[in-house]
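Fold and contact review
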Amino acid sequence: MNQNISDEIQEDVVPKESGIGFLTLMIFFLVAAAAGSAVPFMLPNLFAPETHSTVGTSSAGGDAISVNDMTYVSFGESTVNLDEGRMNRYLRLKMSLQVKQKDKERLEDLLERKNLVLRNWLLSHLSDKTLDEIRGKAGQNMLRREIRNHFNTTLFSDGHDRIYDILFEEFNVQ
């Protein structure tokens, strides 16, 4: 009788197996980890740096734009006080606009006509920036995107971007 009672107690203490075993879960996680780490090797074009000489895609047709098709139009120099407490920091900025060769003449004409409007916006926009907002590569890239987007919107009302990049020739904070 003692033996029957101890057998019953042992049966109650031993947990019953659930539907999925520990080994099955471990195998599943190993397969998932292996599949996740294999993705970059199976799709190299998504993760590899671009090796051909294109700048981007045209917003109209989606064709690749060759670096040889591009030219630069100078916008000149701007100097503004940054939005700092004592207003003792200023930014001196000289930039050029990257455009397709075929759009250069049109852009120069538009810049001549709307220079005052663009320069006024640029000075106001830059004077709202703090030193922390323009610091480093990320801050400068954000600023370049903001300028490019506003210039494209102001100069080209048809919705097609013709300014592909803003290049800083000088970017001095003092």
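Residues numbered from 1 in each chain as written. Predicted model: local features only at pLDDT ≥ 70, side-chain atom pairs only at ≥ 80, totals over all residues. Heavy atoms only, no water.

A look at the pattern of salt bridges
Applying the stated rule across the entire model yields 7 salt bridges. We note a salt bridge from Arg113 to Asp109, for which the minimum N-O separation is 3.4 Å. Placement of the pair is Arg113 and Asp109 together in helix H4 (residues 104-127), with a separation of 4 residues, close to one helical turn. The class of Asp109 is partly exposed, set by a relative accessible area of 38%. Here Lys129 ties to Glu146 by a salt bridge, and the two come within 3.0 Å at their closest N and O atoms. Linking Lys129 in the loop between H4 and helix H5 (131-134) with Glu146 in helix H6 (residues 136-155), this pair joins segments that are 17 residues apart in sequence. Residue Lys129 is classed as buried on the basis of its relative accessible area, which comes to 8%. Salt bridges linked by common partners bring Glu77, Arg92 and Glu170 together as one network. (Salt bridge = Lys/Arg side-chain N within 4 Å of Asp/Glu carboxyl O. Helix = DSSP H or I, 4+ residues; strand = E, 2+ residues; numbered from the N terminus. Buried < 20%, exposed > 50% of the residue type's maximum accessible area, 1.4 Å probe, protein only.)

Some remarks on a nonpolar patch on the surface
Taken together, the side chains of Leu23, Ile27 and Val31 present a nonpolar region at the surface, about 310 Å² in accessible area. Of note, Leu23 is situated in helix H2 (residues 22-42). (Patch = residues over 30% accessible without salt bridge, like charges linked within 9 Å, V, L, I, M, F, W, Y side chains within 5 Å. Areas by Shrake-Rupley, 256 points an atom, 1.4 Å probe, with all protein chains shown as cover.)

Overview of the nonpolar core
Counting 26 residues, the largest nonpolar core has Met95, Leu107 and Ile163 as its most contacted members. For this core, the secondary-structure elements that each account for two or more residues are strand S3 (70-81), strand S4 (90-100), H4, H5, H6 and strand S5 (163-173). In terms of residue count, the dominant contributor to this core is H4 (6 residues). (Core = buried A, V, L, I, M, F, W, Y, C linked by side-chain atoms within 4.5 Å.)

Looking at the pairing of S4
Burial of S4 is extensive: 8 of the 11 residues sit out of reach of the surface. In the sheet, S3 pairs with S4 via 11 bridges, with the strands oriented antiparallel. Directly across from Ser78, in S4, lies its bridge partner Leu93. Pairing geometry for S4 and S5, over 9 bridges, is antiparallel. Bridged to Leu93 within S5 is Phe171. (Pairing = 2+ DSSP bridges.)

A few points about the environment of Met70
Positionally, Met70 belongs in strand S3. For Met70, a relative accessible area of 7% corresponds to the buried category. Note: C-alpha distance between Met70 and Gln101 (31 residues apart in sequence) is 5.2 Å.

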